[in-house]
There are 4 protein chains.
Amino acid sequence: MALQSRPERSAPWTYRFYVDVDGTTTDPRLAEALEEVEALAARVVVLGSYEAWIEGSRLSAPPPIPAHHTRKPEVPLVDRRRNPEGSQVSVRHLVFGGEEPVLIAGPCSVESEAMILQTAEAVAAAGGDMLRGGAYKPRTSPYDFQGLGVKGLRYLADARERTGLPVVTEVLSWEEVAVVAHFADMLQVGARNMQNFTLLRAVSRSGKPVLLKRGAGATIEEWLMAAEYILAEGNPNVVLCERGIRTFERATRHTLDLNAVVMVRERTHLPVIVDPSHAAGLRSLVTPLSMGSLAAGACGLMVEVHPDPAKAMSDGEQSLDIPMFAELARRVHPGRTRGMGSRLA
Amino acid sequence: MALQSRPERSAPWTYRFYVDVDGTTTDPRLAEALEEVEALAARVVVLGSYEAWIEGSRLSAPPPIPAHHTRKPEVPLVDRRRNPEGSQVSVRHLVFGGEEPVLIAGPCSVESEAMILQTAEAVAAAGGDMLRGGAYKPRTSPYDFQGLGVKGLRYLADARERTGLPVVTEVLSWEEVAVVAHFADMLQVGARNMQNFTLLRAVSRSGKPVLLKRGAGATIEEWLMAAEYILAEGNPNVVLCERGIRTFERATRHTLDLNAVVMVRERTHLPVIVDPSHAAGLRSLVTPLSMGSLAAGACGLMVEVHPDPAKAMSDGEQSLDIPMFAELARRVHPGRTRGMGSRLA
Amino acid sequence: MALQSRPERSAPWTYRFYVDVDGTTTDPRLAEALEEVEALAARVVVLGSYEAWIEGSRLSAPPPIPAHHTRKPEVPLVDRRRNPEGSQVSVRHLVFGGEEPVLIAGPCSVESEAMILQTAEAVAAAGGDMLRGGAYKPRTSPYDFQGLGVKGLRYLADARERTGLPVVTEVLSWEEVAVVAHFADMLQVGARNMQNFTLLRAVSRSGKPVLLKRGAGATIEEWLMAAEYILAEGNPNVVLCERGIRTFERATRHTLDLNAVVMVRERTHLPVIVDPSHAAGLRSLVTPLSMGSLAAGACGLMVEVHPDPAKAMSDGEQSLDIPMFAELARRVHPGRTRGMGSRLA
Amino acid sequence: MALQSRPERSAPWTYRFYVDVDGTTTDPRLAEALEEVEALAARVVVLGSYEAWIEGSRLSAPPPIPAHHTRKPEVPLVDRRRNPEGSQVSVRHLVFGGEEPVLIAGPCSVESEAMILQTAEAVAAAGGDMLRGGAYKPRTSPYDFQGLGVKGLRYLADARERTGLPVVTEVLSWEEVAVVAHFADMLQVGARNMQNFTLLRAVSRSGKPVLLKRGAGATIEEWLMAAEYILAEGNPNVVLCERGIRTFERATRHTLDLNAVVMVRERTHLPVIVDPSHAAGLRSLVTPLSMGSLAAGACGLMVEVHPDPAKAMSDGEQSLDIPMFAELARRVHPGRTRGMGSRLA
Ligand SMILES: C=C(OP(=O)(O)O)C(=O)O
Ligand SMILES: C=C(OP(=O)(O)O)C(=O)O
Ligand SMILES: C=C(OP(=O)(O)O)C(=O)O
Ligand SMILES: C=C(OP(=O)(O)O)C(=O)O
Ligand SMILES: [Mn+2]
Ligand SMILES: [Mn+2]
Ligand SMILES: [Mn+2]
Ligand SMILES: [Mn+2]
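To keep things clear, this report deals only with the structure shown in the data block. Only a predicted model underlies this, so the values are computations on that prediction, with no experimental measurement involved. Each chain carries its own residue numbering, running from 1 in the written order of its sequence. Throughout, the order in which chains and ligands are written sets their labels, letters from A for the former and numbers from 1 for the latter. A pLDDT threshold of at least 70 governs which residues receive local features in this predicted model, and a stricter bar of 80 or more applies before side-chain atom pairs are shown or counted, although totals over entire chains, interfaces and linings include all residues. As a rule here, side-chain values cover all heavy atoms of the structure and leave hydrogens and water aside.

Some remarks on the overall build of chain A
Note on conventions: DSSP H or I runs of at least 4 residues are helices, E runs of at least 2 residues are strands, and numbering of each starts at the N terminus. Across its full length, chain A holds ten helices and twelve strands. By the burial criterion, 63% of the 345 residues in chain A qualify as buried. Throughout, a contact is declared for two residues whenever any of their heavy atoms are within 4.5 Å. For chain A, restricting intrachain contacts to residue pairs at least 6 apart in sequence, the fraction spanning at least 24 positions comes to 69%. Surface accessibility in these figures is a Shrake-Rupley result with a 1.4 Å probe; residues are shielded only by whichever protein chains are displayed. Split by element, the accessible area of chain A, about 12,600 Å² in all, is 51% carbon and sulfur. Think of it in three bands: residues with accessible area under 20% of the maximum for their type are buried, residues over 50% are exposed, and the middle band is partly exposed, with areas taken using a 1.4 Å probe on protein chains only.

Spelled out as structure tokens, the structure:
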């Protein structure tokens, strides 16, 4: 059992608890516990039940022997020598590390139901493969928009329903892993959390594929070792994402480290993609950087797209508008007929 | 109530749950709940009960209205204009931001009961003011020593008992805040977690004073806004700690950013100290950097000390040995008679 | 007239003076001056006479009104608005900024007559467009090999003779501009000299096309303003070269700044190429970075190639061997029949 | 003989040649040569004659055997093991590396005769030890004020005459070394020229003490090797100056690298000072950084001072005004009676 609480975003003085119970819905002990919770809480909503991904490895079950109790392997789990051909990571029907680059697109933040549906439709129509959008946003200032939380997750799931695009979204803290994993197809660990080791272990145990962004101040070695934390905890499905590092150059938000993309491909079997939006911070750079990243060997892209970038609640200056994204998608998937995107048959 | 679990460090396949209950020990509902927990768990230890630091603001109580529900204040809470004289933060009998610099010292990691006691005795004898030591260690590799966990906390508390030195130690994740706050006098948020916003909110609500390290890749603005998260959540007792940033210079581990120390003093009323050990990564630089930091306006220092640096389980190359620390303490507190340290009467 | 002297590299206690005379070979005043020089010098060699590239603008003639005597133009000379189509820079039969990428290759240093001829032959045979090689080497240590000087220039000219490949080579100081310009087709200003403004003015007045490398610690703005120095002094033929910047990442020698390549193309009409060899410092990264750079919009590449990288006198670890270069050339110029290279008919 | 020419700053289309002749003023060959020069030039001014600093080592004489012709020494010339006590460098009556810190102050640029005299008087009165001021300015844009050239040098010499303050000023290119050395007491090699090896050799041969600034993108190792170039060319009188490096922090112009100051003192016997003005870029940081630098072991400071910073032609935001400088000087030289400064008796 994992009991999780967070301040409810839409009402002050109210807490929302996520109770992630390891058991079957018919277990009487579970019913009893739910009753007790209902006594304490204003309102209880059963989000549903779901299968554990691998026997014995969900959040609250005893995990496989934790890595730090094991001996360091001769060859790290991320090391390319463990799979010289390169690993593939599947997210629904998509494959990272396969023949085709995977094009992830969507807004920085899920701002409303309408906007995420509109963006998702446009992304699918243009030939995007997967939908992104933040429901939990890591913001520099506590007064900035922090995301719609669970509501945002729900809208993302609705958008997937409509378009067939699998969904990736960021999880900020381990107690949200269960709920994010419930709604999303892939969990994103953001740059600021690359060395939040508790979170790394929790996303690993969720069983969902993980998109691990490189920290803006993290070395290649640290990035790979962060992935090692996830693999060591039992989850092999990690995709790396280079999203720019902090350098002295002030004309761009970060500096895309293409060296790292190439080097990481040498050193690990894990697939690596590029997020040129955060790397550059300026929309006009996104398409050329995308093409450069794929040519250098990235197996996918994650770009921010907004129907009206000037009005975005976050990262507007770096967001493509729909026509710019359509042009990018055309160049990334030149052979593909538009409008057929990744839509499920 | 907050229910927290973590893999027990000393035994695989075992979980330790921390149950932090908001209530009085005479409440029958609490007794009942404990019974139920005992039924599920192999062993239950009541760590004790403690007073809430401020009415209504401990970890599990409804927090003050969260910052993100409030309007952004005209002047941020950290802004120096809110207290042009500069704020003072007290940790037991010590004052950060007062007349005297505060000298924090101790090992990178608590390695054993004997070593932390030995180090603490030496620190106190030499004139150190406060004891540091990591029980939960953020390590780049999952195979590196991750700290002694609760056992380490207990040893730190024992060392305080013996020497009278208040204790600061790092907390890595919000579910450990309650237990760390139970044992320590001050909670350290490490560089890797500077933008772990869940953790920032949790340490705020713990009511304990917080030592907030700057991220190695974080700007001054981001650092101040991280402190703003803590203040906005209701806890005003934040001390900032500059510990070096990532730069191109490869001869040192990080680059001490003395500019930032000075600038931060202009921009915020919060006290700021320097950790020259992590900034330099080499013990021979620690004393000169310490003297320079104090002369530039830092109100304290945190240095790593080890009885036998060559055998340290982490950060040995940057740890002072006891004689080097004694020399530093003599220079930091020139008027003070040795051996009288911070020992309680 | 410009009188230039340098220590002769092959014999201590000996100076070599370069006398660059502005006049006709029939001028009796010139003959007289040469006589006087012969009286003072151990040996006089007339390197030859050459036409001034533009009336009134060679090194020793009164230059066009220096920029700093003119008013700042409304729109800088480098600004893309001055030529929205993008400028082309010709070096003999090659065009930077045209349809085809220009592939420059050669050793870091010209090490001997045999090695530069061998490398040049291989570069031409594989489909390279232009030959590089340092005769004057900027070396961190004064005890490192500093280049063959004029002898190296001569060998480069011989290699051009044999292969038809135009030659680019670095010039370190303004007094060497005349002699380097005499032998080379394009003058390279190295990263360390990007803000050596005397040198920038001198290469401008030489009339030769200039390859301007970005300083490893220089911003995009500074790089463009360095080009502005050259343009303002009268020479419009500048090609920019991104070669990696200094960042905290220690696994690679520098960090290729692909953002900058794209941004510079927006901000200036000047052609921009990439040097992935110095950017990465490791040969295995060179080919993927090359492909990425071209896809992002670079109009050419400069790569280091050595017949036996393990024995190179400088930068061996980042030098491609001949087969690796042949593979790169094949990918850069897919349609081109090998062996036809840039050979003059 | 060294014949040097530069565009005359005050009149376009006019060149000023500096003829630095190695000989005695009674030599008939010299008189003859001067005549010939007079025939070609519009105006000839004899700046004067001066003694060679060391027999056989002035600019135009055969230099000591150049370093690159010698074997690399077992222990580099800069290495602390060559002088564990630390070297002292004298500039007139001042000593770098002695008991007292040396406080250098003055404007970024020499802007006019009146302003440099006014500033020098104020610096001397407040207790400054030495005067700085740029006559040749390295400016990012070719349209920015480039300095007054020789006129500026003359004003500096006049200011020394009046105040007794020795003068340090930057030299940008080797052909200006002779004239700058003629007027100044110490030659400054700027950050942008730290690896302008021709310039390093030329300042070495000038025989004047050299102030070698660290490049903003240069490592400690490169900085020391730049000093090695100067020592290897025969001049042992080098003072190092840390002036901030390029990092990701955007709130300050550069980042003062105090680690480097301390490390350099370990690795070399050469004295090291700090320039907090360029390191911070903001005047309010200058005094605390100064005190911190001295406490960490720097043996001197170089700060920018301007009588009216708001009107400065360069670097006004980082320049102290006179009262701020007076306060700094009081703190740097606490025991010294004001107004007695470095004035010669
Ligand atoms: C916050 C995001 O990214 P990062 O973690 O890379 O900053 C994001 O993808 O919106
Ligand atoms: C890990 C530590 O520090 P930081 O978070 O600054 O790296 C520490 O203090 O031991
Ligand atoms: C020295 C070289 O390059 P850079 O100036 O870019 O370091 C070179 O091209 O060999
Ligand atoms: C230009 C100057 O400094 P730096 O070379 O350190 O930029 C200066 O001292 O004015
Ligand atoms: Mn974003
Ligand atoms: Mn440590
Ligand atoms: Mn090279
Ligand atoms: Mn200046």
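Here we look at the site of ligand 1
All names here are of chain A. The immediate surroundings of ligand 1 are formed by C108, R132, K137, E170, Q188, G190, A191, R192, K213, R243, H278 and E304. Polar contacts, as counted here, are pairs of nitrogen or oxygen atoms within 3.5 Å of one another; within protein the pair requires one atom able to donate a hydrogen and one able to accept it, and residues that are adjacent in sequence qualify only if both atoms are side-chain atoms. In the environment of ligand 1, an oxygen atom lies 2.6 Å from a nitrogen or oxygen atom belonging to the side chain of R132. Residue H278 places a side-chain N or O atom 3.3 Å away from an oxygen atom belonging to ligand 1. Coverage of ligand 1 by the protein amounts to 97% of the 300 Å² it exposes when considered alone. We call a residue near a molecule or strand when any one of its heavy atoms sits within 4 Å of it.

Observations concerning the coordination of the manganese ion (ligand 7)
Residue and element names in this part refer to chain C. Within the protein, the atoms that donate to the manganese ion (ligand 7) are C108 (SG), H278 (NE2), E304 (OE) and D315 (OD), at distances of 2.0 to 2.5 Å. Donor atoms (N, O, S) are those found within 2.8 Å of the metal centre, with the cutoff raised to 3.2 Å for Na, K and Ca; water is not part of the atom list, so apparent gaps in a site can occur. On the primary sequence, the residues serving as donors to the manganese ion (ligand 7) are separated as C-x169-H-x25-E-x10-D. With C108 in the loop between β5 (102-106) and α2 (113-126) and H278 in helix α8 (residues 276-280), the pair connects residues that are 170 residues apart, well separated along the chain.

Section: the site of ligand 3
Residues and elements named next belong to chain C. Within the structure, ligand 3 sits among 13 residues, and R132, K137, A191, K213 and R243 are positioned closest to it. Interatomic distance of 3.0 Å between a side-chain N/O atom of K137 and an oxygen atom of ligand 3. Within the side chain of Q188, an N or O atom sits 3.1 Å from an oxygen atom of ligand 3. Look at ligand 3: alone it shows 300 Å² of surface, and the protein chains cover 97% of it. Residue polarity is assigned by list, with Asp, Glu, Lys and Arg as charged and Ala, Val, Leu, Ile, Met, Phe, Trp, Tyr, Cys and Pro as nonpolar; anything else, Gly included, falls into the polar class. Along the lines of polarity and charge, the residues of the shell around ligand 3 split into three nonpolar, three polar and seven charged.

Some words on unusual backbone geometry
Even without glycine at this site, D315 of chain A takes up a positive phi of about 60°. Among the secondary structure elements, D315 of chain A is positioned in the loop between β12 (300-304) and α10 (322-332).

Focus on the pattern of salt bridges
Residues and elements named next belong to chain C. Here, a salt bridge means any Lys or Arg side-chain nitrogen found within 4 Å of an Asp or Glu carboxyl oxygen. A full pass over the atoms with the stated rule returns 76 salt bridges over all chains. Of the charged contacts in the structure, one is a salt bridge between D185 and R160, with a shortest N-O distance of 2.8 Å. Separated by 25 residues along the polypeptide, D185 in the loop between α4 (177-183) and β8 (186-189) and R160 in helix α3 (residues 150-163) bring together distant segments of the chain. Judged on exposure class, the residue D185 and its partner R160 are both buried.

Structural notes on the side chain of E111 of chain B
All names here are of chain B. Tracing the chain through its elements places E111 in the loop between β5 (102-106) and α2 (113-126). R139 provides the closest opposite charge to the buried, unpaired E111, separated from it by 8.3 Å. Side-chain polar atoms of E111 contact the side chain of H306, separated by 3.1 Å. Contacts of E111, omitting those with residues within four sequence positions, involve L148, H306, K311, A312, M313 and S314. Residues scored as charged are limited to Lys and Arg (positive) and Asp and Glu (negative), so that His and the chain ends carry no count.

Digging into the side chain of R132 of chain D
Residues and elements named next belong to chain D. Relative to the elements of secondary structure, R132 occurs in strand β6 (residues 130-132). Given a relative accessible area of 3%, R132 falls into the buried group. A polar side-chain atom of R132 sits 3.1 Å from the main-chain carbonyl oxygen of P107.

Some remarks on the packing of aromatic side chains
Put simply, two rings from Phe, Tyr or Trp (the six-membered ring, in Trp's case) pair if the centres are within 6.5 Å, and we call them stacked under 30 degrees between planes, edge-to-face over 60, tilted for the rest. Tallying each qualifying case throughout the model produces six aromatic pairs over all chains. Between W174 of chain A and W174 of chain B the ring centres are 6.2 Å apart and the planes differ by 10°, which places this aromatic pair in the stacked class. Placement of the pair is W174 of chain A in the loop between β7 (167-170) and α4 (177-183) and W174 of chain B in the loop between β7 (167-170) and α4 (177-183), with the two residues belonging to separate chains. Considered together, W174 of chain A and W174 of chain B belong to a single accessibility category, that of buried residues.

Quick look at the environment of V303 of chain C
Residue and element names in this part refer to chain C. Checked against the element boundaries, V303 lands in strand β12 (residues 300-304). Overall, V303 belongs to the buried group, its relative accessible area being 0%. Spatially, the C-alpha atoms of V303 and H278 are 8.4 Å apart, while their sequence positions differ by 25 residues. When neighbours within four sequence positions are excluded, V303 is seen to be in contact with I104, A105, G106, R132, P276, S277, V286, S290, L320, F325 and L328.

What about the packing of helix α7 (residues 258-267) of chain A against helix α9 (residues 283-296) of chain C?
Working convention: axes come from line fits to C-alpha atoms, limited for helices to the stretch in contact. Angles between N-to-C directions cover 0 to 180 degrees. The contact between α7 of chain A and α9 of chain C brings their axes to 10 Å, and the two run at 130°. For the element pair α7 of chain A / α9 of chain C, the angle class is oblique. Once α7 of chain A is placed against α9 of chain C, the crossing between them reads as right-handed. Seen from α7 of chain A, the contacting residues are L258, N259, V262, M263 and E266 of chain A; seen from α9 of chain C, they are S284, L285, P288, L289 and G292 of chain C. These descriptions rest on fixed angle ranges, namely under 35 degrees for roughly parallel, over 145 for roughly antiparallel, 65 to 115 for roughly perpendicular, and the rest for oblique. Crossing handedness: left-handed means the near helix sits turned counterclockwise from the far one by under a right angle, and right-handed means the same turn made clockwise.

Quick notes on the environment of L270 of chain A
Residue and element names in this part refer to chain A. Positionally, L270 belongs in the loop between α7 and β11 (272-274). Residue classification places L270 among the buried positions, given a relative accessible area of 3%. Between the C-alpha atoms of L270 and S87, which are 183 residues apart in sequence, the distance is 5.4 Å. Sequence-distant contacts of L270, that is, excluding residues within four places in its chain, are made with V78, A227, L231, P236, V238 and L240.

Here's the deal with helix α3 (residues 150-163) of chain A
Residues and elements named next belong to chain A. Every helix has an expected span of 1.5 Å times one less than the residues it contains. Between its first and last C-alpha atoms α3 spans 20 Å; for 14 residues at 1.5 Å apiece the expected length is 20 Å, and the two agree. Listing the buried residues of α3 in full gives V150, G152, L153, Y155, L156, A157, A159, R160 and T163. Looking one or two residues past α3, G164 carries a phi angle of roughly 80°, positive in sign.

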